[in-house]
Amino acid sequence: MIHITRKEHFNAAHRMYREEWSAEKNNEVFGKCANPNWHGHNYNLFVTVKGEVTHATGYLIDLKELKTIINDYVIEKLDHKNINKDVEFMAGKMASTELLCIEIFKQLKAPIEAYEGVFLHSVKLYETENNSAEYFGG
């Protein structure tokens with residue numbers, strides 16, 4: 001079995017807050033991330049697929065196809081958007097990197113696994129150079 005990883009990039013804004021909490025409580029829990037005027041990140045997304053190499057092509061999946069799937073199902077929906085307000089698959093969810101990573105996995109699983117013998121292994125999302133989340137499904 002081989003694992004192939006594709007890296008993509010998007011920029012998006014979000015705010016960490018709970019409407020039912022006071023401004024003071026949000027600031028206490030989320031700090032600067034609770035800024036009512038939002039803040040943004042330059043996200044790096046790593047999508048890893050796994051399976052067996054096809055002998056006819058020498059590929060697991062054509063990386064142009066993987067790039068198209070990631071772009072159509074994730075990047076176009078997130079890039080230069082407000083995650084809290086503009087991203088349908090994040091509606092009603094906290095815009096944390098952890099939950100965003102899980103929801104991106106859910107967006108990609110079916111279109112990637114429509115390719116015979118190709119399985120989505122993991123999604124890793126870097127919010128900053130030092131902070132990331134990785135999800136393996138489940």
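Residues numbered from 1 in each chain as written. Predicted model: local features only at pLDDT ≥ 70, side-chain atom pairs only at ≥ 80, totals over all residues. Heavy atoms only, no water.

As recorded in an unreviewed UniProt entry, the protein goes by the name 6-carboxy-5,6,7,8-tetrahydropterin synthase, listed as coming from Mucilaginibacter sabulilitoris. The annotation that UniProt attaches to the protein under Cofactor (unreviewed entry) is "Zn(2+)". Regarding the protein, the relevant UniProt record gives this comment under Catalytic activity (unreviewed entry): "7,8-dihydroneopterin 3'-triphosphate + H2O = 6-carboxy-5,6,7,8-tetrahydropterin + triphosphate + acetaldehyde + 2 H(+)". (UniProt positions renumbered as here; feature names shortened; annotations may be inferred.)

**So, the state of the cysteines**
Under the criterion given, the structure shown has zero disulfides. No disulfide involves cysteine 33; its sulfur sits 17 Å from the nearest other cysteine sulfur, which is in cysteine 101. (Disulfide = S-S within 2.5 Å.)

**As for helix α2 (residues 63–78)**
Here α2 contains 16 residues, and its C-alpha end-to-end distance of 21 Å stays within 8% of the 22 Å for a straight helix at 1.5 Å per residue. Along its length, α2 shows its largest kink, about 45°, at asparagine 71. If you check which residues of α2 are buried, you get Leu66, Ile69, Ile70, Val74, Ile75 and Leu78. For α2, the secondary structure elements touched by its buried residues are β1 (2–14), β2 (39–51), β3 (81–82), α3 (83–86) and α4 (97–113). You can read the cap of α2 off the contacts: a side-chain oxygen lies 2.9 Å from the backbone nitrogen of lysine 64, and it is on aspartate 62. Taken from the residues just after α2, histidine 80 is the one with a positive phi, measuring 60°. (Helix = DSSP H or I, 4+ residues; strand = E, 2+ residues; numbered from the N terminus. Expected span 1.5 Å × (residues − 1). Bend = angle between axes of the 7 residues up to and from the residue. Buried < 20%, exposed > 50% of the residue type's maximum accessible area, 1.4 Å probe, protein only. Contact = heavy atoms within 4.5 Å. Polar contact = N/O pair within 3.5 Å; in protein donor to acceptor, adjacent residues only side chain to side chain.)

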